[in-house]
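Single-letter residue listing:
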Amino acid sequence: MRNRYLIANWKMNLPPEGMRPYLDAVGRAEMNDVEIVVAPPFPYLRDVTRAPDRIFAGAQNCADQKSGAFTGEVSAWMLQELGVRYALVGHSERRALYGETDALLQRKLTAALEANLTPVLCVGEDLRVREAGHVARHLAEQIRAVTTPALESAREVVIAYEPVWAIGTGRSASGAMVAETVADIRDALARFWPVRYRDDAPILYGGSVTPDNVTDLQTNGGMDGYLVGGASLSSEKFLAIFDAMKVS
Ligand code: PGA
């Protein structure tokens, strides 16, 4: 059985209802086998580590180095010491807006693993790649490019499949489309990473997930969870997505 996750990516936002009421509401959710991770902007991580027991803290990014003269960076080891469990690596906004390259992401993935964080590696194609029919090749290349010896002894790596054209656009992929792409990702994991990742790595979907489309993704996409941006800023919507995951 793979682990299942629901991850809130607040990006550079805070929930309008206030962080404490949000965390209290989510913390009251009925237990099930889905792990809830909240990824706030850096200054709020400590608050999330102190939230009710069942909520885990995730960072939206981490540095590729352990320490040193890297102004503005936060290392995976610092996050680990703070009680953070997860770190997003290679979110498409980091790749596109901040020029994060595959070589940098390979070092970030290595750093996160060496610091004992569970990385959430984000991969996904833009519309041009999808329309050209090159999705499988593109995702395989993103996975191959970050291969690191640290994967050998890692406990877990979570993959988030986030098509760029679906992020923040209100245009989600369908469950059927995602199911096909998940199979491509598992093939790439088997080819380039230690082979156990093919079956063991949880694969999440992200890109305009809402309480309205999660059932299709859940039923037809066979996802191990979701990385949610916009809809994660409301505890009510986030919990509705969580509830939809229970029925499967
Ligand atoms: P979205 O963001 O749910 O607002 O599309 C998802 C993400 O970027 O992780």
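In what follows, the structure referred to is the one given above.
As the structure is a prediction and not an experimental result, all values here were calculated from the model.

Q: Residues and numbers for the pattern of salt bridges, please.
A: Note on pairing: side chains with opposite charge can pair once their charged atoms come close. All told, the structure shown has 13 salt bridges when counted by the stated rule. One salt bridge in this structure joins R128 and D126, with 3.9 Å as the shortest N-O distance. Of the charged contacts in the structure, one is a salt bridge between R186 and D224, with a shortest N-O distance of 3.2 Å. Placement of R186 in helix α8 (residues 175-192) and of D224 in the loop between α10 (214-221) and β8 (225-228) is noted, with a sequence separation of 38 residues between them. Neither R186 nor D224 differs from the other in exposure class; each is buried.

Q: Tell me about the site of the ligand, and please be specific about residues and values.
A: The environment of the ligand is formed by 13 residues, the closest being K11, H91, E162, G168 and S208. Between N9 and the ligand, the recorded distance is 3.4 Å, taken from a side-chain N or O atom to an oxygen atom. Taking G168, its main chain carries an N or O atom lying 2.7 Å from an oxygen atom of the ligand. Contact with the protein chains covers 95% of the free accessible surface of the ligand, which is 280 Å². Of the residues in the shell around the ligand, the class split is 4 nonpolar, 7 polar and 2 charged.

Q: Report on the sheet that holds strand β6 (residues 158-161), specifying residues and quantitative values.
A: The 8 strands lie next to each other as β1-β2-β3-β4-β5-β6-β7-β8, forming a closed barrel whose pairing is parallel. With strand direction ignored, the average angle separating the axes of adjacent strands in the sheet is 25°.

Q: Can you lay out unusual backbone geometry for me, pointing to particular residues and giving the numbers?
A: Its identity as a non-glycine residue notwithstanding, N116 has a phi of 70°, on the positive side. The phi dihedral of S208 is positive, around 55°, even though this residue is not glycine. Structurally, S208 is set in the loop between β7 (203-206) and α10. Residue classification places S208 among the buried positions, given a relative accessible area of 17%.

The rules behind these values
- Within each chain, residues carry numbers counting from 1 in the order of the written sequence.
- pLDDT decides what is reported in this predicted model: residues at 70 or higher carry local features, side-chain atom pairs at 80 or more are listed and counted, and totals for whole chains, interfaces and linings draw on all residues regardless.
- The side-chain figures draw on all heavy atoms in the structure; neither hydrogens nor water molecules are used.
- For this analysis, a salt bridge means a side-chain nitrogen from Lys or Arg found within 4 Å of a carboxyl oxygen belonging to Asp or Glu.
- Working definition: helices are DSSP H or I runs of at least four residues, strands are E runs of at least two. Numbering for both runs from the N terminus.
- Burial classes: relative accessible area under 20% of the type maximum marks a residue as buried, over 50% as exposed, and values in between as partly exposed (1.4 Å probe, protein chains only).
- We call a residue near a molecule or strand whenever a single non-hydrogen atom of that residue lies within 4 Å of it.
- Think of a polar contact as two N or O atoms within 3.5 Å of one another; within protein, one of them needs to be a possible hydrogen donor and the other a possible acceptor, and neighboring residues in sequence only count if both atoms come from side chains.
- Each accessible area is a Shrake-Rupley result for a 1.4 Å probe, and residues are judged covered by the shown protein chains and nothing else.
- Charged residues are taken to be Asp, Glu, Lys and Arg, nonpolar residues to be Ala, Val, Leu, Ile, Met, Phe, Trp, Tyr, Cys and Pro, and polar residues to be all remaining types, Gly included.
- The criterion for strand pairing is that DSSP finds at least two bridges linking the strands in question.
- The angle between two axes is taken between their N-to-C directions and runs from 0 to 180 degrees, where each axis is a line fitted to C-alpha atoms and a helix contributes only its stretch in contact.

Honestly, it's all geometry; don't read function into it.
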